[in-house]
Amino acid sequence: MAQLKYHRVNHGIGTYTMTIRGISFLVTALLIFAVQDSVVKHLTEQYQVLQILTLRSIIVVFIMACIAYLRLGSTFYKTNQSGLMMLRGCFAFAAFTNYYFALSFLPLGDAATVYMTAPLFVTALSVPLLGEQVGMRRWMAVVIGFTAVVFMLNPGSDLFRPIALLPLASALFYSFIPILTRKINANEHTPTITFYTTFSYAVLCLILSSAIHVWPAAPADSGIWAAIAQPWNTLNANAWMLITLSSVFFAAGVLCIAAAYRAAEVSVLAPFEYSYLLWATMVGYIVFSDVPTLRTWVAGVIIAGSGIYIAVRERHVDRMNTA
């Protein structure tokens, strides 16, 4: 579960071919992330969420460092914007940790539906943080998308679960990542950005995990706190295999995302980000036998429609501005 935007590079291959290649890489990446998320969700049935994320993040940092070294040599870590890149990693930690805590309580498809409000947050936050102009039509799409979330969560009813707000918090934190990415110099190398992001994520996981070992264990019936403040369990061979597999999937997904956004424009690929909803729903059904409710289906369609409209509208506005 990660989405990283990169600048398009065309090496003489036809635009149509590059676009198809970009779409293929993106859709594949989101399938990989959906499978990876299901692996983490499966592990949370027996192990503490933060334990899984900490071990996974350490392995991912090692993988990314090796890739960066092979691509850029021993100077892969040199940059003048390490602080900005690590801040990006802090938001990634907040976003993905919230999301995986939610997965330990919620069906994968439900969590994914709420999480896909991230592009709506990006649109809303781009006004105060980037000074971008957002027209009335896109604001209406944002409002409609968030209304669909309220409809799905159904607050005030007996069916409402406060834990369902965690994917929404995850989407909010994630929305800062593409905004920070726009502030990083375009000449910075992708492996360098990815290394610093995953490194700061791993450091935060280690800090929080260390603090939890000092705190007393939480009662088993204390909800989300029980999922956080519990001692680590000893991992068996199968768990180590799944954590390693999850790390490889995560790294592969990030690399596919990088390839996608180097092959095609962001505005072209943005609508295909919502294929994650389809993959998450399918994987949730196959692995966990989760069947989304009617409210989830309706909300998912509206949220995806709102996000796609915003992406298409932004592309139209960009073309008008550059004409």
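Residues numbered from 1 in each chain as written. Predicted model: local features only at pLDDT ≥ 70, side-chain atom pairs only at ≥ 80, totals over all residues. Heavy atoms only, no water.

Check the secondary structure of the protein and you find 13 helices and zero strands. For the protein, the α and β elements follow one another from N to C terminus as α-α-α-α-α-α-α-α-α-α-α-α-α. Across the 323 residues in the protein, those meeting the buried criterion constitute 50%. Residue pairs at least 24 apart in sequence account for 86% of intrachain contacts in the protein once pairs closer than 6 positions are excluded. For the protein, the exposed surface amounts to about 15,000 Å²; the carbon and sulfur share of it is 68%. (Helix = DSSP H or I, 4+ residues; strand = E, 2+ residues; numbered from the N terminus. Buried < 20%, exposed > 50% of the residue type's maximum accessible area, 1.4 Å probe, protein only. Contact = heavy atoms within 4.5 Å. Areas by Shrake-Rupley, 256 points an atom, 1.4 Å probe, with all protein chains shown as cover.)

This next bit is on a nonpolar patch on the surface. Nonpolar side chains collect at one region of the surface, where Val127, Met136, Trp139, Met140, Ile144, Phe151, Leu294, Trp297, Val298 and Ile302 lie side by side and expose about 940 Å² of accessible area between them. Sort the elements by how many residues they give to the nonpolar patch and helix H6 (residues 136-153) lands first, with five residues. (Patch = residues over 30% accessible without salt bridge, like charges linked within 9 Å, V, L, I, M, F, W, Y side chains within 5 Å. Salt bridge = Lys/Arg side-chain N within 4 Å of Asp/Glu carboxyl O.)

A few words now on the nonpolar core. Core analysis: the largest hydrophobic core is formed by 69 residues, its most contacted members being Phe33, Leu43, Phe96, Tyr99, Tyr100 and Tyr276. Core analysis: the next-biggest nonpolar cluster, separate from the first, contains 10 residues, Val61, Ala65, Phe76 and Met85 among them. (Core = buried A, V, L, I, M, F, W, Y, C linked by side-chain atoms within 4.5 Å.)

Phi at asparagine 154 is positive, roughly 55°, even though this residue is not glycine. Relative to the helices and strands, asparagine 154 is located in the loop between H6 and helix H7 (166-183). Despite not being glycine, serine 289 shows a phi value in the positive range, around 60°. Here serine 289 falls in the exposed class, since its relative accessible area comes to 55%.

Another point: the packing of aromatic side chains. The tally for this structure, following the rule as stated, stands at 13 aromatic pairs. Aromatic pair phenylalanine 195 and tyrosine 196: ring centres 5.5 Å apart, planes at 75°, arrangement edge-to-face. For the residue pair phenylalanine 195 and tyrosine 196, the accessibility class agrees, reading buried in each case. With 5.9 Å between their ring centres and 25° between their planes, phenylalanine 195 and phenylalanine 199 make a pair best called stacked. Of this pair, phenylalanine 195 and phenylalanine 199 both sit in helix H8 (residues 190-214), four residues apart, which is roughly one turn of the helix. Its relative accessible area of 13% is what places phenylalanine 195 among the buried residues. Three or more aromatic residues link up through ring pairs in this structure, and these residues are Phe93, Phe96, Tyr99, Tyr100, Tyr115, Tyr174 and Tyr201. Positioned above the aromatic ring of phenylalanine 250, the side-chain terminus of arginine 56 is 4.5 Å from the ring centre. Geometry around phenylalanine 151 places arginine 295 over its ring, the cationic atom sitting 4.4 Å from the centre. (Phe/Tyr/Trp six-rings, centres within 6.5 Å; stacked < 30°, edge-to-face > 60°. Lys NZ or Arg CZ within 6 Å of the ring centre and 35° of its normal.)

On to the packing of helix H3 (residues 82-103) against H7, then. Between H3 and H7, the least distance of the axes is 8 Å, while the angle of their chain directions is 160°. Classified by the angle their axes make, H3 and H7 are roughly antiparallel. Where H3 crosses over H7, the handedness of that crossing is left-handed. In this structure, H3 uses Leu84, Leu87, Arg88, Phe91, Ala92, Ala94, Ala95, Phe96, Asn98, Tyr99, Phe101 and Ala102 to contact H7, whose residues at the interface are Leu166, Pro167, Ala169, Ser170, Phe173, Tyr174, Phe176, Ile177, Leu180, Thr181 and Lys183. Of the residues belonging to the contact of H3 with H7, the class tally is 18 nonpolar, three polar and two charged. (Axes fitted to C-alpha atoms, helices over the stretch in contact; angles between N-to-C directions. Parallel < 35°, antiparallel > 145°, perpendicular 65-115°, else oblique. Left-handed = near helix turned anticlockwise from the far one by under 90°. Nonpolar A, V, L, I, M, F, W, Y, C, P; charged D, E, K, R; others polar.)

Moving on, we get to the side chain of threonine 54. With respect to the helices and strands, the residue threonine 54 is situated in helix H2 (residues 49-72). Among the polar contacts made by the side chain of threonine 54, one reaches the main-chain carbonyl oxygen of leucine 50 at a distance of 2.7 Å. (Polar contact = N/O pair within 3.5 Å; in protein donor to acceptor, adjacent residues only side chain to side chain.)

This paragraph deals with empty space enclosed by the protein. Over the atoms a probe the size of a water molecule is rolled, and this reveals where empty space is left. Going through the model one piece at a time under the given rule, you end up with three cavities of 30 Å³ or more. When its volume is computed, the second largest cavity comes out at roughly 50 Å³. Listed by contribution, the elements that provide at least two residues to the lining of the second largest cavity are H2 and H8. When grouped by side-chain class, the residues that make up the lining of the second largest cavity number three nonpolar, two polar and one charged. (1 Å grid on protein atoms, 1.4 Å probe; cavity = no way out; pocket = protein on both sides within 12 Å on 5 of 7 lines; lining within 4 Å. Points joined across faces, edges and corners; volume = space filled by probe spheres on them.)

At a minimum axis separation of 7 Å, H3 and H8 run at an interaxial angle of 55°. Looking at the two axes, H3 sits oblique to H8. The element H3 and its partner H8 pack so that their crossing is right-handed. Taking contact as the criterion, the partners of Ser82, Met85, Met86, Arg88, Gly89, Cys90, Ala92, Phe93, Phe96 and Thr97 in H3 are, on H8, Thr192, Ile193, Tyr196, Thr197, Phe199, Ser200, Tyr201, Leu204, Cys205 and Leu208. Taken together, the residues of the contact of H3 with H8 break down into 13 nonpolar, six polar and one charged.

Our next topic: the environment of arginine 313. Position of arginine 313 among the secondary structure elements: in helix H13 (residues 294-322). For arginine 313, a relative accessible area of 23% translates into the label partly exposed. A sequence separation of 179 residues divides arginine 313 from valine 134, and the C-alpha atoms of the two residues are 10.0 Å apart. Among residues more than four places away in sequence, those in contact with arginine 313 are Arg137 and Arg138.

This is a description of form; function is not addressed.
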